[in-house]
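The primary structure of each chain is shown beneath.
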Amino acid sequence: MDGTFKNNNIDYEAIFVNDGSVDNTLKIANEFADENIKIVSYEKNKGKGGAVRTGMLAAIGDIVFFTDCDLAYGLEVVKQGYDIFEKNPDADLVIGSRKLHKDGYAAYTLLRKIMSHIFYMVVKVYGGIKQSDSQSGIKGFRKEAAKKIFSLCETNSMGFDVEVLLIAYKLDLKIAEMPVKIVNHRESKVSAIKTSLQMLRDISVIKKRVKKLK
């Protein structure tokens, strides 16, 4: 991480959220903790949305990104997003989009490509999402936007990405997109049909709740 950030004169912190794991994850994570790498842990598993929300609210940086622990998009993409913020002072969020990159889905199996397309259609049509890739696992926020959005979030499941964007719309925040691709690939264990049905249920609840926000 020093090579990506400190070599570019960017101060950074990395927050690892241990989402109630019962294996050696926390022990291993603590071995890497230092002045720049912080560990946040809790005993009861919340789900991806809960873990991301916890980490984002704990962050203190002026620009805050979240991504998956396997660094599927690498670390250079964070610097790429940081540069977009620097060049676009009006942008409150910068979200990754595999659809905007010519190799965005190159590492995916046919099943993963189909699953991603299903997710995209579900959230676009039913969720009312305007961006090209709501489920990309790399999203950046200015600190003020992150605190506003995640203090209002409640979704712990994979539907949290949709919740984040719908709240951003509600708050009239400006969203920029950047092309991204998978550089560290792993097979998904997620069921396309089961997860899509859960997504529909989540979106229904999220839309009603966000609509009531003032």
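Refer to the preceding data block for the structure.
Residues numbered from 1 in each chain as written. Predicted model: local features only at pLDDT ≥ 70, side-chain atom pairs only at ≥ 80, totals over all residues. Heavy atoms only, no water.

Draft legend 1. The arrangement of unusual backbone geometry in detail. One non-glycine residue, L71, adopts positive backbone phi at about 50°. What makes L71 partly exposed here is its relative accessible area of 31%. Although it is not a glycine, D172 adopts a positive phi angle of roughly 60°. Turning to its location among the elements, D172 is positioned in the loop between helix 6 (160-170) and strand 6 (175-179). D172 gets classed as exposed once you look at its relative accessible area, which sits at 57%. (Buried < 20%, exposed > 50% of the residue type's maximum accessible area, 1.4 Å probe, protein only. Helix = DSSP H or I, 4+ residues; strand = E, 2+ residues; numbered from the N terminus.)

Draft legend 2. The environment of A91, seen in detail. With respect to the element layout, A91 can be found in the loop between helix 3 (76-87) and strand 4 (93-97). Counting along the chain gives 64 residues from A91 to K27, while the straight-line C-alpha distance between them is 38 Å. Apart from residues lying up to four places away in sequence, A91 is in contact with F85, R142, K174 and A176. (Contact = heavy atoms within 4.5 Å.)

Draft legend 3. Representation of a nonpolar patch on the surface. On the surface, a cluster of nonpolar side chains totalling about 270 Å² of accessible area is made up of L110, I114 and I118. Residue placement: L110 occurs in helix 4 (residues 110-126). (Patch = residues over 30% accessible without salt bridge, like charges linked within 9 Å, V, L, I, M, F, W, Y side chains within 5 Å. Areas by Shrake-Rupley, 256 points an atom, 1.4 Å probe, with all protein chains shown as cover. Salt bridge = Lys/Arg side-chain N within 4 Å of Asp/Glu carboxyl O.)

Draft legend 4. Structural context of the pattern of salt bridges. This structure, assessed with the given rule, holds ten salt bridges. Note that E13 and K38 form a salt bridge whose closest N and O atoms lie 2.9 Å from each other. Taken together, the residues span a long stretch of sequence, with E13 in the segment before strand 1 (14-19) and K38 in strand 2 (residues 37-42) at a distance of 25 residues. The shortest N-O distance in the salt bridge between D161 and K139 comes to 2.8 Å. With a gap of 22 residues between them, D161 in helix 6 and K139 in strand 5 (residues 139-142) connect regions that are remote in the sequence.

Draft legend 5. Expanded view of the packing of aromatic side chains. Within the structure shown, the criterion is met by six aromatic pairs. Relative to F150, the ring of F66 lies with its centre 6.4 Å away and its plane at 90°, an arrangement referred to as edge-to-face. Taken together, the residues F66 in strand 3 (residues 63-66) and F150 in helix 5 (residues 143-150) connect sequence positions 84 residues apart. In terms of burial, F66 and F150 fall into one category: buried. When the centroid spacing of 5.4 Å and the interplanar angle of 80° are considered together, the rings of Y105 and Y108 count as edge-to-face. An aromatic cluster of at least three residues, connected via ring pairs, comprises F66, F141, F150 and F160. Sitting over the face of the ring of Y42, K46 holds its NZ or CZ atom 4.4 Å from the ring centroid. (Phe/Tyr/Trp six-rings, centres within 6.5 Å; stacked < 30°, edge-to-face > 60°. Lys NZ or Arg CZ within 6 Å of the ring centre and 35° of its normal.)

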